[in-house]
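Survey of secondary and tertiary structure
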Amino acid sequence: MTVVVRTVARIIAPMILAFGGYVIMHGHLTPGGGFQGGAVAASALALLAISFGFGRWKGIKAPLSFLEDLGALAFVALGFLGIGYTFFRNVLAASGGLFGAPVPPGPNPGLLETGGTLPLMNWAVGLKVIAGLGSVVLLLGLFGGEDDR
Amino acid sequence: MTLWGVLQVITLVLIVAGAALAVWLRDLLAAVIALAAASLLLSLEFYLLQAPDVAIAEAGIGAALTTAIYVLAIRKTRRKEEE
């Protein structure tokens, strides 16, 4: 692509990636979640791939496939973490550990540390969506017919 | 009519205009851009209807990724639609 497209992509792609990470990270507090944030981040990957060409992305198919499997397995494993009580029981909530801060009584603006397993599940879904949608765009660009122009 | 209603009517008319333009244009790249504009306005309409969750998904999938996939497909085939 032209130098204008490349410069704009270089400036704006980190912002899109950061917004996608924000939407995934705050999935249990604000609108959005793993799927929405993953779609936003994957659109940043598509922007980079289209503006800078697909030549340097040839070896990334296997890592993306691995990341997609990892996201799905992590989601199911987090669901089985609470199997002693019920499937998908939030065992990390209010446990004092990772994302396990107790929720203070009364109204609050939404505290990031109180989600339990929900932020981890959002990250698993987000990883799977980034890898899946990114590999769709990359494979469509890498294979198929030659460029017409 | 309130400002909210006026904004909604303008957005819906522009969505229909963008979709009609996407059908009418013979240059496929221009048609894809018209479709992306209609999709972005649709995500604005979802936001006006107080569904920000759907709006983020529509902006990510409909406006960005679908456009990227169409642009890649056009790059590998012909740009002009034939009669």
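Our subject is the structure that appears above.
Scope of this entry: the structure provided in the associated data block.

What counts and what doesn't
- Residues numbered from 1 in each chain as written.
- Chains lettered and ligands numbered in written order.
- Predicted model: local features only at pLDDT ≥ 70, side-chain atom pairs only at ≥ 80, totals over all residues.
- Helix = DSSP H or I, 4+ residues; strand = E, 2+ residues; numbered from the N terminus.
- Expected span 1.5 Å × (residues − 1).
- Buried ≥ 20, exposed ≤ 12 C-beta atoms within 10 Å, placed from the backbone.
- Arc of directions from axis to C-beta.
- Contact = placed C-beta atoms within 7 Å.
- Core = buried A, V, L, I, M, F, W, Y, C linked by C-beta atoms within 7 Å.
- Axes fitted to C-alpha atoms, helices over the stretch in contact; angles between N-to-C directions.
- Parallel < 35°, antiparallel > 145°, perpendicular 65-115°, else oblique.
- Left-handed = near helix turned anticlockwise from the far one by under 90°.

Before going further, it helps to spend a moment on helix 3 (residues 61-80) of chain A. All names here are of chain A. An ideal rise of 1.5 Å per residue puts 28 Å on 20 residues; helix 3 measures up with 29 Å between its terminal C-alpha atoms. When helix 3 is considered as a whole, its buried residues turn out to be Leu-64, Gly-71, Phe-75 and Leu-78. One face of helix 3 carries all of its buried residues, which in axial projection span an arc of 75°. For helix 3, the exposed residues set more than 90 degrees away from the buried face come down to Ala-62, Phe-66, Asp-69, Leu-73, Ala-77 and Phe-80. Those residues of helix 3 that are buried are in contact with helix 4 (118-142).

Turning our attention to the nonpolar core. Within the largest apolar cluster, 44 residues are counted, with the highest numbers of intra-cluster contacts made by Ala39(A), Ala42(A), Ala46(A), Val137(A) and Leu65(B). Of all the secondary structure elements, the ones that give two or more residues to this core are helix 1 (3-25), helix 2 (34-52), helix 3 and helix 4 of chain A together with helix 2 (28-48) and helix 3 (52-76) of chain B. If you tally residues by element for this core, the top one is helix 4 of chain A, at 11 residues.

Let us look at the packing of helix 4 of chain A against helix 3 of chain B. The contact between helix 4 of chain A and helix 3 of chain B brings their axes to 9 Å, and the two run at 15°. With respect to their mutual orientation, helix 4 of chain A and helix 3 of chain B come out roughly parallel. As helix 4 of chain A runs across helix 3 of chain B, the sense of the crossing is left-handed. Contacts between helix 4 of chain A and helix 3 of chain B pair Leu133(A), Val137(A), Leu140(A) and Gly141(A) from the former with Leu65(B), Ala68(B), Ile69(B) and Leu72(B) from the latter.

The values are spatial; any link to function lies outside them.
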